[in-house]
Amino acid sequence: MSALPSELLDVFRTQWARMRAEHPDGLPGDVFDATKAALTVHFAAALQDQPGQVLPALHLAASAGQTEYEVTYEFPMLLMEALTRIDDDGHVLIKLADDQAQPWFLRRAALQALGTRTRPELLPLFRRMLRDNETEGEVRTAALFALVEQDDVQSLNLIRSLSTRGEPWLSAAGPLLEARGRLGDLTATRDLISLAADPWHHRFTAGQRGLVALEERVGGLGPMVQELQAAPRPRSLGGLLGLSRTLRPTPLPLVDRLQALATVDPVGAVRNWATTRLAELEPARAAEVLLQALQDPDWQVLKDASDALSTLSPAPVAELYARMRNPELALDERRWAARTLLLLGEAPDLNIIPDLQVTLPAVVPPAVRSAIIRAYAQQAEAGTDVRWLIEALTLPRWDDAEAQTLQAEHEQVVEALRASGLEVGQPIEAGVWHGQGGGTYVVLPLEGGDLSLSTLGRFAAPHTWGADANHLPAAMDRIRLALTSVGWQWLDDDLLSVKVPGLNVYYFGAREPLRVGELLYYWQD
């Protein structure tokens, strides 16, 4: 057996240990990248005439590494990078990709490297791996995009069949739809538009890439619009916006067909997409369609239409005032018109719209309400009550200077608590306390139970992520008095437990209303 695999591993371990030793307080990214680049060059030179030695080197790494992450992952990945440079005929890469005993990340890397090589004889391998239900999803995704890189339109039937089965592997829907778009599958148009409207970034970007590629592939918007009008709709809106006719392909100009989609298509994402594309093609017609969209049942259509109207020049200010003042229109349409006017810098009389403020229990003081609205309403998630968006536009925007002022006061809080005879530690930022992420509070270590100091306002409360507080009544009195002496307020459970209705905020995968305590003392990993 050749000694080369052991020699390569020894070089890796030596260089890696040296890199770590030279930077004991933290490894700079540029040093890390430079070390990997140098090792890749060395490995490629050593393996130049014998790329097959990568296989025993990988076997050695798997057996010798055990719990060493660097040996079981970094070393093999550097070998793979070197292999892609020297394996001209791809024989070793093919063996790696097709070997189910290899870790999934190595098989994926091999497929990604093979996918960039235009070789028809590789297509059966890619198709077989895409079909294989026993293969990891990451590897199947790599096989999928290898077929796309080969421009293998003959695989569309296979890809389409997998796409209609839900999710044949975890998070498969996005890559499958993107692949269909890149290969020119017009039947994916509607689903790609919906995917591009998804709130999850990885799904949204897959949809966007697929749509852009599809439009380029089919020669523009025309074929996509025709497909949208011809394809069966998932359901009927029952006369959305006063129109209930069924769309059919017609010889009308493209902008007319886009306007029809923008007003009567049953899918909100499609209406939104059509409105956006119409505004790009014929801005003069955009105002009419956007104003009509202010009565749409889909929140995202409403929000995007309001945003778009606020950017038009000239903006339809008179029409917006007319809608806001019309008592015969639905309240939500009047509210969205009012929001748009506020975005335009107008000063409409909001008092003419009934029930314009979301009611909270009396236990929530104005300062707490204001802090929450200013921090969250402008970036609220889909479905948020438009009244929160309006109220946010009537308040000063939260800025970094205000946040810095509050954070500077944390030391005053510490001094006040110490002056009252309590043992207090230094403030710890929420992300540091949790070891990851970030939040809107700091943790104040305190005998009897840690405190949380909000960075959104002068509010203190028990730290809910730590151990249960066990403050004696006398200690609680001292805490409250100390906080009051520096202008801070203690918030009790009755207030912290109030849910803020209609204000949807992202929180650990969900997008829904949170409690006051979760908003003032927010943490996300």
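Residues numbered from 1 in each chain as written. Predicted model: local features only at pLDDT ≥ 70, side-chain atom pairs only at ≥ 80, totals over all residues. Heavy atoms only, no water.

Colleague: How should I be thinking about the overall build of the chain in this particular structure?
Modeller: For the chain, the count of helices and strands is 26 helices and 9 strands. Relative to the compact-globule value of 24 Å for 525 residues, the chain shows a C-alpha radius of gyration of 30 Å, a clear excess of over 25%. Buried positions account for 48% of the 525 residues belonging to the chain. Total accessible area on the chain stands at roughly 24,900 Å², and carbon and sulfur atoms take up 51% of it. Charged side chains of the chain number 47 positive and 69 negative; the gap between the two group centres comes to 7 Å. (Helix = DSSP H or I, 4+ residues; strand = E, 2+ residues; numbered from the N terminus. Rg over C-alpha atoms; globule rule 2.2 N^0.38 Å. Buried < 20%, exposed > 50% of the residue type's maximum accessible area, 1.4 Å probe, protein only. Areas by Shrake-Rupley, 256 points an atom, 1.4 Å probe, with all protein chains shown as cover. Lys, Arg positive; Asp, Glu negative; His and termini not counted. Charge placed at Lys NZ, Arg CZ, Asp CG, Glu CD.)

Colleague: What exactly am I supposed to notice about the nonpolar core here?
Modeller: One recurring pattern in soluble globular proteins is that nonpolar side chains are buried together. If you look at the biggest cluster of nonpolar residues, it comprises 57 residues, and the most contacted ones within it are Phe12, Phe43, Leu79, Phe126 and Leu130. Here Leu79 is in contact with Leu8, Phe43, Leu47, Val54, Ala57 and Leu58, once residues within four sequence places are set aside. (Core = buried A, V, L, I, M, F, W, Y, C linked by side-chain atoms within 4.5 Å. Contact = heavy atoms within 4.5 Å.)

Colleague: Got a minute to help me understand the pattern of salt bridges in this structure?
Modeller: When their charged atoms lie close together, side chains carrying opposite charge are able to pair. Within the structure shown, the criterion is met by 32 salt bridges. Put simply, Asp307 and Lys303 hold a salt bridge, and the shortest N to O gap is 2.8 Å. With Asp307 and Lys303 both in helix H17 (residues 299-309) and 4 residues apart, the pair spans about one turn of that helix. With a relative accessible area of 24%, Asp307 lands in the partly exposed category. Between Asp332 and Arg335 there is a salt bridge; the shortest N-O distance is 3.2 Å. Highlighted residues: Asp332 and Arg335, both in helix H19 (residues 331-343), separated by 3 residues, approximately one helical turn. Given a relative accessible area of 39%, Asp332 falls into the partly exposed group. (Salt bridge = Lys/Arg side-chain N within 4 Å of Asp/Glu carboxyl O.)

Colleague: For this particular structure, what's the right way to read the environment of Ala416?
Modeller: Here Ala416 shows up in helix H22 (residues 400-419). Classification of Ala416 as buried rests on a relative accessible area of 14%. It is 7.3 Å that separates the C-alpha atoms of Ala416 and Val486, two residues lying 70 residues apart in sequence.

Colleague: Hey, could you run me through the packing of aromatic side chains in this one?
Modeller: For the structure on display, the rule yields 15 aromatic pairs. Between Phe43 and Phe75, the aromatic rings sit 5.7 Å apart at their centres with planes inclined by 85 degrees, giving edge-to-face as the arrangement. Of the two residues, Phe43 sits in helix H2 (residues 29-47) while Phe75 sits in helix H4 (residues 69-86), which places them 32 residues apart along the sequence. Accessibility expressed as a relative area gives 0% for Phe75, which makes it buried. Look at Tyr376 and Tyr522: their rings are 6.0 Å apart centre to centre, the planes differ by 55 degrees, and that puts the pair in the tilted class. In this pair, Tyr376 sits in helix H20 (residues 366-376) while Tyr522 sits in the loop between helix H26 (516-520) and strand E9 (523-524), placing the two residues 146 residues apart along the sequence. Summarising the burial analysis for this pair, Tyr376 and Tyr522 share the class buried. An aromatic cluster of three or more residues is present, and its members are Tyr376, Trp465, Tyr507, Phe508, Tyr522 and Trp523. Geometry around Trp200 places Arg511 over its ring, the cationic atom sitting 4.6 Å from the centre. (Phe/Tyr/Trp six-rings, centres within 6.5 Å; stacked < 30°, edge-to-face > 60°. Lys NZ or Arg CZ within 6 Å of the ring centre and 35° of its normal.)

Colleague: What's the story with the pairing of strand E5 (residues 459-462) in this structure? I'm lost.
Modeller: Regular strands have side chains that alternate between both faces of the sheet. Taken together, the 3 bridges between strand E4 (residues 451-454) and E5 define a ladder with antiparallel strand orientation. Within E5, the position partnered with Leu453 by the bridge is Ala460. From the end of E4 to the start of E5, which pair antiparallel, there are 4 residues. Pairing of E5 with strand E6 (residues 489-490) involves 2 bridges; the strand directions are parallel. (Pairing = 2+ DSSP bridges.)

Colleague: Even after reading the chapter, I still don't get the confidence of the model for the chain, so can you show me in this structure?
Modeller: Summarising the model, the chain shows a mean pLDDT of 92, and 95% of its residues fall at 70 or more. Contacts of residues 235-247 to residues separated by more than four positions or lying in other chains number 22 contacts, the stretch itself having pLDDT below 50. (pLDDT = per-residue confidence, 0-100.)

Colleague: When you look at the sheet that holds strand E3 (residues 441-444) in this model, what are you seeing that I'm missing?
Modeller: Spatially, E1-E3-E4-E5-E6 is the arrangement adopted by the 5 strands of the open sheet, whose pairing is mixed. At either margin of the open sheet sits one strand with a lone partner, and together these are strand E1 (428-429) and E6.

Colleague: How do you make sense of the side chain of His463 when you look at a structure like this?
Modeller: Mapped onto the elements of the fold, His463 is located in the loop between E5 and helix H24 (473-485). Taking relative accessible area as the criterion, His463 reaches 5% and is therefore assigned buried. In contact with His463, other than residues within four places in its own chain, are Trp433, Tyr441, Val443, Asp450, Leu451 and Ser452.

Colleague: Hey, could you run me through the packing of helix H9 (residues 156-163) against helix H10 (residues 173-182) in this one?
Modeller: For any two helices packed against each other, one specifies the inter-axial angle together with the distance between the axes. For the pair H9 and H10, the least separation of the axes is 9 Å and the interaxial angle reads 145 degrees. The way H9 lies across H10 gives a crossing that is left-handed. Residues Leu156, Ile159, Arg160, Leu162 and Ser163 of H9 pack against Leu176, Leu177, Ala179 and Arg180 of H10. Of the residues contributing to the contact of H9 with H10, the split by class is 6 nonpolar, 1 polar and 2 charged. (Axes fitted to C-alpha atoms, helices over the stretch in contact; angles between N-to-C directions. Left-handed = near helix turned anticlockwise from the far one by under 90°. Nonpolar A, V, L, I, M, F, W, Y, C, P; charged D, E, K, R; others polar.)

Colleague: Hey, could you run me through the packing of helix H18 (residues 317-325) against H19 in this one?
Modeller: Contact pair H18 / H19: the axes reach a minimum separation of 8 Å and the direction vectors enclose 140 degrees. Between H18 and H19, the angle is such that the two are oblique. Note that H18 runs across H19; the crossing there is left-handed. Two secondary-structure elements touch here, H18 through Val317, Leu320, Tyr321, Arg323, Met324 and Arg325 and H19 through Glu333, Arg334, Ala337, Ala338, Thr340 and Leu341. Of the residues belonging to the contact of H18 with H19, the class tally is 7 nonpolar, 1 polar and 4 charged. (Parallel < 35°, antiparallel > 145°, perpendicular 65-115°, else oblique.)

Colleague: Would you mind showing me how to read the environment of Thr189 here?
Modeller: Along the polypeptide, Thr189 turns up in helix H11 (residues 189-196). Residue class for Thr189 comes out buried when judged on its relative accessible area of 0%. Separated by 21 residues in the primary sequence, Thr189 and Gly210 have C-alpha atoms spaced 8.8 Å apart. Every residue in contact with Thr189, bar those within four places of it in the chain, is listed here: Leu211, Leu214, Met224, Glu227 and Leu228. A distance of 2.6 Å separates a polar side-chain atom of Thr189 from the backbone oxygen of Leu186. (Polar contact = N/O pair within 3.5 Å; in protein donor to acceptor, adjacent residues only side chain to side chain.)

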